[in-house]
Number of protein chains: 4
Amino acid sequence: MDTVAATPKGQRTEAAFLGAARQVFAEKGYFNAKISDIAEVAGRSPGSFYNYYENKEEILEALLDQFSTEVLEASLKSRTGDPLEGIRGAVRAYWLTYRKYLPEMIGVFQMSMTDPEFAARWQANRAAGIRGVLAGIRSAERTGHRVDLDHGTLASALVSMLESFCWTWMAMGGDPDVDVPDDETAIDTLSALWYRTVFHPVPGCACGCNRT
Amino acid sequence: MDTVAATPKGQRTEAAFLGAARQVFAEKGYFNAKISDIAEVAGRSPGSFYNYYENKEEILEALLDQFSTEVLEASLKSRTGDPLEGIRGAVRAYWLTYRKYLPEMIGVFQMSMTDPEFAARWQANRAAGIRGVLAGIRSAERTGHRVDLDHGTLASALVSMLESFCWTWMAMGGDPDVDVPDDETAIDTLSALWYRTVFHPVPGCACGCNRT
Amino acid sequence: MDTVAATPKGQRTEAAFLGAARQVFAEKGYFNAKISDIAEVAGRSPGSFYNYYENKEEILEALLDQFSTEVLEASLKSRTGDPLEGIRGAVRAYWLTYRKYLPEMIGVFQMSMTDPEFAARWQANRAAGIRGVLAGIRSAERTGHRVDLDHGTLASALVSMLESFCWTWMAMGGDPDVDVPDDETAIDTLSALWYRTVFHPVPGCACGCNRT
Amino acid sequence: MDTVAATPKGQRTEAAFLGAARQVFAEKGYFNAKISDIAEVAGRSPGSFYNYYENKEEILEALLDQFSTEVLEASLKSRTGDPLEGIRGAVRAYWLTYRKYLPEMIGVFQMSMTDPEFAARWQANRAAGIRGVLAGIRSAERTGHRVDLDHGTLASALVSMLESFCWTWMAMGGDPDVDVPDDETAIDTLSALWYRTVFHPVPGCACGCNRT
DNA sequence: CATGAATGAGGATTCATTCAT
DNA sequence: TATGAATGAATCCTCATTCAT
């Protein structure tokens, strides 16, 4: 976002560091990443790193600046009339966003365990997702569906599911006895969990709907 | 499980270390825990620690020995005739187990990001949960419900949800704009997500069921 | 003053570090002193240093704790009836105190150029000396001598003289074309400067006194 | 003194560095001054610095070339018949010279603590002052005053006083409980110390003089 | 067994100086 | 001559682990 480098050369180096940091974070995690690892991947000296960033946290913040929490919120906002399609779009967006920003996600998440400031950032990420889910729930209720669960808790659970499922399959190599889901299967399954819970028919209604 | 200490005094010390480690892991996380922190809480010297454990990993392993993956697997196996009640029982068991073993969960999870061996253990924990969920799905199908989603992916998503929801609320202080859910609300919500997804009526059936 | 070490062994080490720091500060100055230099003179590993002090500043502060600014103030307070003897006693005390605490003086003075907190400490040292001189001036006026110079400025100048003369001869090896003064010569000269200025006869008085 | 730069542009740059160095030395001291600070104030690049000077020491030496030790010596030589006026003139010259060359004084003095070569320069500065004082003492004796103190020690003490008083008030912000002296008060006080000590009446002489 | 001091490997960071453009 | 990015030597500091008592 804001660049320290004045010259093209410096900009190339800065970009090299950003790219290297993403690669190293994705490959060995944020915790394991040493400045010298990043510098090596960037093809520069460790000292050069400090011309651009004060420390490892700062380069993570620089990466995060390119990705606001808005992104996650937007990703979870349905934009279509059909509720299932809306949810599927939201899940797909979240899934793809997570993949695109995997190094950043790994970084914030790991730092959230150590540093209160990053814990707040991680919570902000979740909060953005939660706002998106809540918006969906409210719009469902506006069309007559009553959602008979605590909205906040439900949203928190859904965001937990999305977040952890992405983490498991993208950062941790997945679950051992489960076939790697392709994108569509993943999106189908997560969407179904969301949709079926929110748009759930009340027992008394013969048509299977949930209208009030 | 099995103790190294020969004398009663040694056994007391070992127990003190185990208890201290749990407390410190829960309070500041596994990463932030220094051997000297644990020793201090245990009221022993840092040097004494090494009479019982080679390093921090080993005391985590000792803690984990008291808690086999069976526990998680068992917790997620329904034991009752009524499916919803079965699921609620499973979720309650998971929720309470996670709380009971919070230090261990924090430890394995954080170590899973750094150490392949613990990554495997973490996966084993998840795998146990997944087996439990899959058992439930199979039993649902045995009673005539068709679950029209990829079973493995579904189980993985459900375990992700449970795991991350527990992590968020027990280890990370929860989501900022969501009221702290009491145990019943948490269990209700997680159970509903699970139940409604698995026992979902197919569109064509007026009775709202999903029988084949 | 307050010791970190619990055991005799630790106390010996702590003392070794304090002694080593004094030696190194005196020999190569505070700025040039590396932690590893101090550790080497103390016969310990550099890492051991940090069991006792956070950094170089802290060991300087530990040294300073044994020496309060009171010392300098006391040193400059005359305690005898005869004014010249009082001044000579004060100068002698300052001169000997400075020598005794040479490493500390070097440390505070050098640090005063870099760190505001130590600049304040250095000023406090001077202020203590100034209070002592001012007390002497007041007592001279009580016995009827009028001191027709700005008291504060005079005290500041006298303390400057004492401080810098000590610095020059004890820390910097003296002035090249001046014979090394023995203690008595130094004390005589500094005392004369002080005494003759304060107890200076006014021109009009034939007896050479300065009484009002 | 002699310039390295060949072109007018180069001469302007060199002047900019010299001016910037003076400013930075005066503001944050020589030790704290980084090459990059100087370059920034000069509005040039750090790399450019090395076209003119090998390192920080060298620019200090360049500054000192404009100011020979002669200056201090001259400043302390009385040029008038009246002894008190001579001394006042000398003190005033020293005081003003110190202010004028404050950055240089700070530089030499700080470097004198680290580098033997600059310690020698600092001593040379003092020696020049001492020669000036000694010349005054000799001329006093030529007019019949006996100075009954060790001349070298006395001169060393007077130069110490001048040096340290200037340092205290110009470089260190003064003494906390003393009112800032204006130039005349400072000069009066320092001169009085000098004059009263050198032209001190011997006890036995009723006229208050000190003639032999 | 317990103690707590001692060790040293590992990594972060600074900044004077060099160098390609 | 000017630029500013790149370098790497030097030092600080942490903390898991060892060891003498």
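If you check an unreviewed UniProt entry, chain A appears there as AcrR family transcriptional regulator from Spinactinospora alkalitolerans.

Student: Help me understand the interface of chain C and chain D, please; the structure alone is not making it clear to me.
Tutor: Interface size is commonly expressed as the accessible surface area that is lost when the partners come together. Of the residues lining the interface, 51 residues belong to chain C; the matching set on chain D comes to 51 residues. There are four salt bridges connecting chain C and chain D. For the salt bridge of Asp148 of chain C with Arg196 of chain D, the shortest nitrogen-to-oxygen distance reads 2.9 Å. Summed over the shared surface of chain C and chain D, the result is 18 residue pairs in polar contact (both at pLDDT 80 or more). Among the elements of the structure, α1 (8-32), α7 (102-112), α8 (116-142), α9 (151-171) and α10 (183-198) of chain C are those that each provide at least two residues to the side of chain C that touches chain D. Ranked by residue count, the leading element in the side of chain C that touches chain D is α9 of chain C, at 14 residues.

Student: Teacher, can you tell me more about the packing of helix α7 (residues 102-112) of chain A against helix α9 (residues 151-171) of chain A here?
Tutor: When two helices pack together, you describe them by how their axes are tilted relative to each other and by the distance separating the axes. All names here are of chain A. It is the contact of α7 with α9, at a shortest axis distance of 11 Å, that shows an interaxial angle of 115 degrees. Viewed along their axes, α7 and α9 form a crossing whose handedness is left-handed. Together, Leu102, Ile106, Phe109 and Gln110 of α7 and Trp167, Met170 and Ala171 of α9 make up the contact between the two elements. Class assignment of the residues belonging to the contact of α7 with α9 gives a composition of six nonpolar, one polar and no charged.

Student: Which parts of the structure should I look at to understand the relation of the copies chain A and chain B?
Tutor: The two chain copies are related to each other by a rotation about an axis together with a translation along it. Of the two same-sequence chains, chain A is brought onto chain B (RMSD 0.2 Å, axial shift 0.0 Å) by a rotation of 179 degrees. When the rotation and shift are considered jointly, the pair of chain copies conforms to a two-fold rotation axis. Identified as the residue of chain A closest to the rotation axis by C-alpha distance is Met161 of chain A, at 1.9 Å. Take the interface residues of chain A: 96% of them recur as interface residues in chain B, which is what a same-surface contact looks like.

Student: Looking at this model, I keep getting lost on the domain arrangement of chain A. Mind explaining?
Tutor: All names here are of chain A. One can read the domain layout of chain A as domain 1 (8-59) and domain 2 (69-198). On a C-alpha basis, the centroid separation for the pair domain 1 and domain 2 is 29 Å. Contact with domain 1, which involves seven residues of that partner, is made by 11 residues of domain 2. At the boundary of domain 1 with domain 2, total buried surface from both sides reaches about 830 Å², with 64% on carbon and sulfur atoms. In terms of surface lost to domain 2, no three residues of domain 1 exceed Arg22, Tyr30 and Phe31, which account for 61% of the buried area on that side. At the junction of domain 1 with domain 2, the criterion picks out one salt bridge. Between Glu104 and Arg22 there is a salt bridge, and its shortest N-O distance comes to 2.9 Å. In this structure, the connection of domain 1 to domain 2 is made through four residue pairs in polar contact (both at pLDDT 80 or more). Among the elements that line the side of domain 1 that touches domain 2, the one with the most residues is helix α1 (residues 8-32), at six residues.

Student: Got a minute to help me understand the packing of aromatic side chains in this structure?
Tutor: In this description, a pair of aromatic rings is defined by centroid distance and the angle of the planes. Going through the model one piece at a time under the given rule, you end up with 61 aromatic pairs over all chains. Here Tyr52 of chain C and Tyr53 of chain C contribute two aromatic rings whose centre-to-centre distance is 6.5 Å and whose plane-to-plane angle is 45 degrees, an arrangement assigned as tilted. Exposure class is identical for Tyr52 of chain C and Tyr53 of chain C. Each is buried. Each ring, one from Tyr195 of chain D and one from Phe199 of chain D, has its centre 4.9 Å from the other, and the planes form 25 degrees; the classification is stacked. Classification of Tyr195 of chain D by relative accessible area gives partly exposed; the value is 24%. Grouped by ring-pair contacts, the aromatic residues Phe109, Trp122 and Trp167 of chain A together with Phe109, Trp122 and Trp167 of chain B constitute a single cluster. If you follow Lys56 of chain D out to its NZ or CZ, it ends over the ring of Tyr30 of chain D, 4.4 Å from the centre.

Student: Explain the UniProt feature "DNA-binding region" (unreviewed entry) in chain A here, please?
Tutor: On the UniProt side, "DNA-binding region" (unreviewed entry) is annotated at positions that read residues 34-53 of chain A here. As annotated, residues 34-53 of chain A comprises 60% helix and 0% strand, and the C-alpha atoms at either end are separated by 14 Å.

Student: I'm lost on the interface of chain A and chain B in this one. Help?
Tutor: Counting residues at the interface gives 52 residues for chain A, matched by 51 residues for chain B. Interface area, chain A with chain B, both sides summed: about 4100 Å², of which 64% is carbon and sulfur. Viewed at the interface, chain B and chain A are joined by four salt bridges. Residue Arg126 of chain A is joined to Asp175 of chain B by a salt bridge in which the shortest nitrogen-to-oxygen separation is 2.7 Å. Applying the counting criterion to the chain A and chain B interface returns 18 residue pairs in polar contact (both at pLDDT 80 or more). Secondary structure elements with two or more residues in the side of chain A that touches chain B: α1, α7, α8 (116-142), α9 and α10 (183-198) of chain A. Ranked by residues supplied to the side of chain A that touches chain B, first place goes to α9 of chain A with 14 residues.

Cut-off values and rules
- Residues take numbers from 1 onward in each chain, read along the sequence in its written order.
- Starting at A for chains and at 1 for ligands, labels are handed out in the order in which the entities are written.
- Local features are withheld for residues below a pLDDT of 70 in this predicted model, meaning they are given only at 70 or higher, and side-chain atom pairs are given and counted only at 80 or more; totals for whole chains, interfaces and linings count all residues.
- Side-chain metrics in this entry use all non-hydrogen atoms of the structure; hydrogen atoms and water are not considered.
- Contact between two residues is taken to exist if any of their heavy atoms lie within 4.5 Å; hydrogens are not considered.
- A pair is scored as a salt bridge if a Lys or Arg side-chain nitrogen falls within 4 Å of a carboxyl oxygen belonging to Asp or Glu.
- Polar contacts, as used here, are pairs of N or O atoms within 3.5 Å; protein pairs need one atom able to donate a hydrogen and one able to accept it. Residues neighboring in sequence count only if both atoms are side-chain atoms.
- Helix and strand definitions here come from DSSP, where helices need a minimum of 4 consecutive H or I residues and strands a minimum of 2 consecutive E residues; each element is numbered from the N-terminal end.
- Each axis is a line fitted through C-alpha atoms, taken for helices only over the stretch in contact, and angles between the N-to-C directions span 0 to 180 degrees.
- Note on convention: the crossing is left-handed when the near helix lies turned anticlockwise from the far helix by less than a right angle, right-handed when the turn is clockwise.
- Here the nonpolar group is Ala, Val, Leu, Ile, Met, Phe, Trp, Tyr, Cys and Pro; Asp, Glu, Lys and Arg are the charged ones; every other residue, Gly included, is treated as polar.
- The copies were overlaid by least squares, fitting only the C-alpha atoms of residues that reach a pLDDT of 70 or more in each copy.
- For each domain, the first and last residues come from an automatic or database assignment.
- By buried area we mean the combined loss of accessible area, with a 1.4 Å probe, across both parts when two parts are placed together.
- Here is the rule: rings of Phe, Tyr and Trp (six-membered ring for Trp) pair when centre to centre is within 6.5 Å. Planes less than 30 degrees apart are stacked, more than 60 are edge-to-face, and the remainder are tilted.
- To sort residues, take the accessible area from a 1.4 Å probe on protein chains only and compare it with the maximum for the residue type: under 20% means buried, over 50% means exposed, and anything in between is partly exposed.
- Each ring is checked for a lysine NZ or an arginine CZ that lies within 6 Å of its centre and within 35 degrees of its normal; such an atom marks a charge sitting over the ring.
- UniProt positions are given in the numbering used here, feature names are shortened, and annotations may be inferred rather than shown by experiment.

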